[in-house]
Every structure is written in structure tokens, then in C-alpha cells.
Amino acid sequence: MSKRENLVLITNSFPQWSATEPSFVEPELDALCRKFRRVIVVPVTLRGGGAVSPLEGVETDTSWALGADWNSRLRRSRFLANPRLWLDARGDITRRGIAFGAAARAFASFLRRMVAERGLSWGNTLFYTFWFDFPAAALALLKADHPEIRFVSRAHGHDMFTVLGGRLRHRMVREAEAVYAASQAGADYLERTFPEASADDKVRVSTLGCVKLYPEAVAARHKRADRRFTFLSVSRVDENKRVEMNARLLRALAVARPDTAIRWIHVGDGPSMGAVREAVKDCPSNLEVELRGALPNGDVQRIYRDEAVDWFMLLSLHEGGRAVAACEALAYGVPVVATDVEALNEVVDDEYGLLLSPDSTDEEFVRGIAPYLDSDFRAEAMREAALSRWNSDFNAAMLRPAFVDMISHIE
């Protein structure tokens, strides 16, 4: 068992369903339950009426997400009279930066109540924030009055590449036992931004990987003689993921190979969906596009199990972590077309993928992928390498228990 009996896991909205967070958090729950006597999940925000899915062996506390401190800016404004809030905000004296500090103080007040009401103590509980956001700041603030507090945090992307909170972010790093970046590139960024963290060995790398829901399955593929290929992409549709670029490159491939049927399936939704729909207007007759919207992770993995998928695409401008969606493709033996950007190039290499420049031209893509479309031998070798890499480096069934075992030794 753990050195500390209880664990409080602070999420964004899990266990309420969302497009991505369940696939990030769920792989860890069994291991946490084996190591800690009590596991309490605290979502920060909930949609609608706040209904959540029950979790076996795990308690869920929604009182913050449904409470007045989170749902009323006016109520949180009482913290604006605290001079420390303004001192901590140095480096980000913006409306959002001040709001970050107020939310941190409101969440600290909530944690005091929760610990008392649930019969916990600061000394027998490990706090774990899944995102490097204001709940981590709340714990850093609380540690001034309760030095026995121990907390760790993961850091992924939007919660890492930001100055939100100003000097308070330095305190978050200083007071945490460790901050676990989801990639080496992320860890390097944190160490550059917070030099004090490097000196104290506070920043570490912890790959999320993915759980393969159908362990024996490998995605079927088309052969050269079929003159048919399927590309799958799974991501939020926003300016960073550049899903409309997928459309442009695949349109170019269809034009270059008029005798080949190209099918593109995209799973995900977001603010740039209008640009994607515009990009697929008036497609060549040999390009078939399916925009399936956001789906639960189980439905995504069933695509790999039940349909022929030849390539996965992820053309982000930047990534904070080793992309889980790309790891899932590798788990089913599907090679990946990706942009050669930090963190993403920690998942993909030319043994089982195609790395494109961030501003790739149509010609670069068409010429780059051609040898693998024209050779069944090369395609099969790439697929075998993809599955092998997932097994060795991105299998969450090995990664997550090792992470939980590590944090369970914190005294």
C-alpha cells in the first residue's frame, strides 16, 4: 500500500464524459485503487445538471463543481481584497491572471472543507492534480499553513505553455513534490521556464500512452492491388490541430492518383469545423470524406478493430505531450502521418510513420507517402514496427501502474 492512505485526484470534468479526458484518466484508476485505501475524484467543472458516471471503488465529490464559489464570479471576487493575490499575480496582471489567483484561493477554501467533511487529514492524503492548473496553485497556497501537504501534478499542453497566474506558477512548481510532463519537450520547456525546478529535480517525464481495448486486434489494411486506402484522424478541430490541412493533403493525393479511392474519416469536433467543411466542398470523385464528430474512446477503437485503416494523420502545429491518439493508432499497427514538431516527433519516426514539415506542401506529402502506397512489403514492415513501438513504449497497462507505484512512495 501507499505511504499515504488516501488519494484525492483532481480532474477537469471526469468522470463526466468528454471527448478526451476519460481516455487520459481511466487507465490509472485500477492502479490507484490497489495502492490507496480511498481514492476520491474531484472534477473542477461539470456540464448541465452535473450528472457523472459512477466509478467502482472510487468516490466522486462534485461539491466544488456544483458550488457557488465556482459558479459565481461575484462570490470569488471577495479574494480581490487580499494583497497577496496581487503580489502573486506579478508577471500576469491581466483579467484572466487575476481570475486564476482568485479561483486558486476559492479552491483552497473548498479543500479545507472537503478534507474535514470526508474525514481526511493533510498528513495521510496525497493530492494529485491531473492538470497543472489553479487546483495545483490552491495546494501550493495551502502548504504555507499545512506543510505536511504533499501533491503532484501532471502537465500536458495548454496548462503548461502559459503564463497564467504569474508568479504563482513558480510557487506551484516549488511546492509540488513533482510535476510530470507528458513529453520530454514539455519537461525541457518547464525546466527552462522554472530554473528552480531543474535544480530540485521537480520536473519529470511521464508518458500517458494508451490502453488497447481490443488486445488481440490489429487493424486490417488495403493492399496496393485494391487501389483503395483509408486515412483516419482523431482530434479536436481547432487552429492547432489543423484538420483542414488533412483535407488539403488528401485532396492532393486523390488528384495525383485518380485511379485510387481515398477515404478519410475524421473523429472530433471543435471551433474550426466550418473551415474543414469548406475544405471538403467539391471533392474529387475518388475522395470520400466522413466527419463523424466527437465519439467515446471505445467507439474510436472499434474503428481500428472493425474497419480497414491504412494511415492515421495528426498535423498539429505543436503538442504538449506524446499524443494519445497517435499512440492508439500504433497500438493497432497503423502507421502515422505527423508533423515534425516537438513532442509529436517523440511518438513518430520514419520506421513506422511519415514526418512532414509543419508547413508541408501537397507535393511533399504525395511524394513522401507514395513508396508506402506502392509497396505492400514496405507497408507491412511499417505496421509491424508501429505495433512493436507501442508495446515497448506506449502501452498504458505498463506505464500507468509504474507511475502510480512511484507516487505511492511519497511520504
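Our structure's up above, just so we're on the same page.
Residues numbered from 1 in each chain as written. Predicted model: local features only at pLDDT ≥ 70, side-chain atom pairs only at ≥ 80, totals over all residues. Heavy atoms only, no water.

A. Representation of helix 14 (residues 324-331) within the structure. For helix 14, the buried fraction is high: 8 of the 8 residues fall into the buried class. Of the positions making up helix 14, those classed as buried are Val324, Ala325, Ala326, Cys327, Glu328, Ala329, Leu330 and Ala331. Residues of helix 14 that are buried sit in contact with helix 1 (21-35), strand 8 (228-234), helix 13 (297-306), strand 11 (311-314), strand 12 (336-339) and helix 16 (376-394). One or two steps after helix 14, the chain reaches Gly333, where phi turns positive at roughly 75 degrees. (Buried < 20%, exposed > 50% of the residue type's maximum accessible area, 1.4 Å probe, protein only. Helix = DSSP H or I, 4+ residues; strand = E, 2+ residues; numbered from the N terminus. Contact = heavy atoms within 4.5 Å.)

B. Representation of the sheet that holds strand 2 (residues 38-43) within the structure. Strands sit in the order 3-2-1-4-5-6-7 across an open sheet of 7 strands; the sheet is parallel. Edge positions in the open sheet fall to strand 3 (59-60) and strand 7 (203-205), since each of these has one partner strand only. Relative to strand 4 (residues 125-129), strand 1 (residues 6-11) runs parallel, the two being bridged by 5 bridges. Across the sheet, Leu9 pairs through a bridge with Tyr128, a residue of strand 4. Contacting strand 1, strand 2 and strand 4, helix 6 (residues 95-117) crosses the sheet at an angle of about 150 degrees to strand 2. (Pairing = 2+ DSSP bridges. Axes fitted to C-alpha atoms, helices over the stretch in contact; angles between N-to-C directions.)

C. Seen up close, the side chain of His156. Take His156: it is sitting in the loop between strand 5 (150-155) and helix 8 (167-175). A residue is classified by how much of its surface remains accessible, and His156, at 9% relative accessible area, is buried. Setting aside chain neighbours within four positions, we find His156 in contact with Phe130, Trp131, Ala182, Leu208, Gly320 and Gly321.

D. Examining helix 16 more closely. With 19 residues, helix 16 should cover 27 Å at 1.5 Å per step; its first-to-last C-alpha distance of 26 Å lies within 8% of that length. Considered for burial, the residues of helix 16 that qualify are Ala379, Met382, Arg383, Ala385, Ala386, Arg389, Trp390 and Phe394. The buried residues of helix 16 occupy an angular sector of 165 degrees when the element is viewed end-on, so they sit on one face. In helix 16, the exposed positions that point more than 90 degrees away from the buried face belong to Phe377 and Glu384. The inward-facing, buried residues of helix 16 contact strand 11, helix 14, strand 13 (353-356), helix 15 (362-373) and helix 17 (396-407). (Expected span 1.5 Å × (residues − 1). Arc of directions from axis to C-beta.)

E. A look at the pattern of salt bridges. Scanning the entire structure with this criterion turns up 33 salt bridges. Here Arg305 and Asp306 are joined by a salt bridge, their closest N and O atoms 2.6 Å apart. Arg305 gets classed as partly exposed once you look at its relative accessible area, which sits at 37%. We classify Asp306 as partly exposed; its relative accessible area is 49%. With a shortest N-O distance of 2.6 Å, Asp393 and Arg389 are connected by a salt bridge. In this pair, Asp393 and Arg389 are both assigned in helix 16, 4 residues apart and thus about one turn of the helix distant. The exposure class assigned to Asp393 is partly exposed, which follows from its relative accessible area of 32%. A single network of salt bridges, built from pairs that share partners, joins Arg38, Glu59, Asp61 and Arg118. (Salt bridge = Lys/Arg side-chain N within 4 Å of Asp/Glu carboxyl O.)

F. Looking closely at the environment of Asp359. The topology assignment puts Asp359 in the loop between strand 13 and helix 15. A relative accessible area of 62% means that Asp359 is categorised as exposed. For the pair Asp359 and Gly123, spaced 236 residues apart in sequence, the C-alpha to C-alpha distance is 51 Å.

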